[in-house]
Amino acid sequence: MLQPPHSSLKVAAVPAQRVPARDRDQDAPWHTEAVCRRDEAGLFFAPSKEPTAARLSREEAAKRVCARCPVMVECREHALLQPEPYGVWGGLTAAERRVVLARRRRRDMELKKAARTTAGHIAQAG
Ligand code: SF4
């Protein structure tokens, strides 16, 4: 059985309720190439009561690992699609993923609005 990325943290820092979500696609090929499969340094998830400066430093270190990971794009999309609420995935923090998702939702709404407007113009012209 394949292990998900940063699996060493499943016991230590990952809230139990999110483990099944991570395991849902553990057979996905990208997991096998994850650079963070052994996250002995505990970079990807916050310990409880982590001070802000320590969190920022840890997240930057995690992002440096992600930057050299061959499956960063796949990992990032996984985290966005789940969505994964905690930790650094694909070089993005949870807060950064929320921004990306908000932008995507806004873009989708604008595209739907444009499609409705175009359909309305075509109906009026026809
Ligand atoms: S991109 Fe980062 S979080 Fe994702 S698998 Fe690679 S090292 Fe792990």
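An unreviewed UniProt entry annotates the chain as Transcriptional regulator WhiB of Streptomyces phaeofaciens. The annotation that UniProt attaches to the chain under Subcellular location (unreviewed entry) is "Cytoplasm". Note on the chain: under the UniProt heading Function (unreviewed entry), the record states "Acts as a transcriptional regulator. Probably redox-responsive. The apo- but not holo-form probably binds DNA."

1. Here we look at the pattern of salt bridges
Considering all chains together, one arrives at six salt bridges under this definition. Among the ionic pairs, R58 bridges to E50, the shortest N-O distance being 2.7 Å. Assessed through its relative accessible area of 9%, R58 is described here as buried. Where E96 meets K63, a salt bridge forms, and the shortest distance between an N and an O atom there is 2.6 Å. Of the two residues, E96 is situated in helix α5 (residues 94–125) and K63 in helix α3 (residues 52–67); the sequence distance between them amounts to 33 residues. Connected via shared salt-bridge partners are E60, K63 and E96.

2. Structural notes on the site of the ligand
In the vicinity of the ligand, 14 residues are found, and the nearest of them are A34, C36, C66, C69 and C75. Secondary structure elements with two or more residues in the shell around the ligand: α3 and α4 (72–81). The class makeup of the residues in the shell around the ligand is 12 nonpolar, two polar and no charged.

3. What about the packing of aromatic side chains?
Per the stated rule, a full pass over the model turns up one aromatic pair. For the ring pair F45 and W89, a centre distance of 6.4 Å and an interplane angle of 80 degrees mean the geometry is edge-to-face. Here W89 lies in the loop between α4 and α5 and F45 lies in the loop between α2 (19–23) and α3, a separation of 44 residues in the sequence. Of the residues examined, F45 reaches a relative accessible area of 2% and is grouped as buried.

Reading the values: rules and limits
Residues numbered from 1 in each chain as written. Predicted model: local features only at pLDDT ≥ 70, side-chain atom pairs only at ≥ 80, totals over all residues. Heavy atoms only, no water. UniProt positions renumbered as here; feature names shortened; annotations may be inferred. Salt bridge = Lys/Arg side-chain N within 4 Å of Asp/Glu carboxyl O. Buried < 20%, exposed > 50% of the residue type's maximum accessible area, 1.4 Å probe, protein only. Helix = DSSP H or I, 4+ residues; strand = E, 2+ residues; numbered from the N terminus. Near = heavy atom within 4 Å. Nonpolar A, V, L, I, M, F, W, Y, C, P; charged D, E, K, R; others polar. Phe/Tyr/Trp six-rings, centres within 6.5 Å; stacked < 30°, edge-to-face > 60°.

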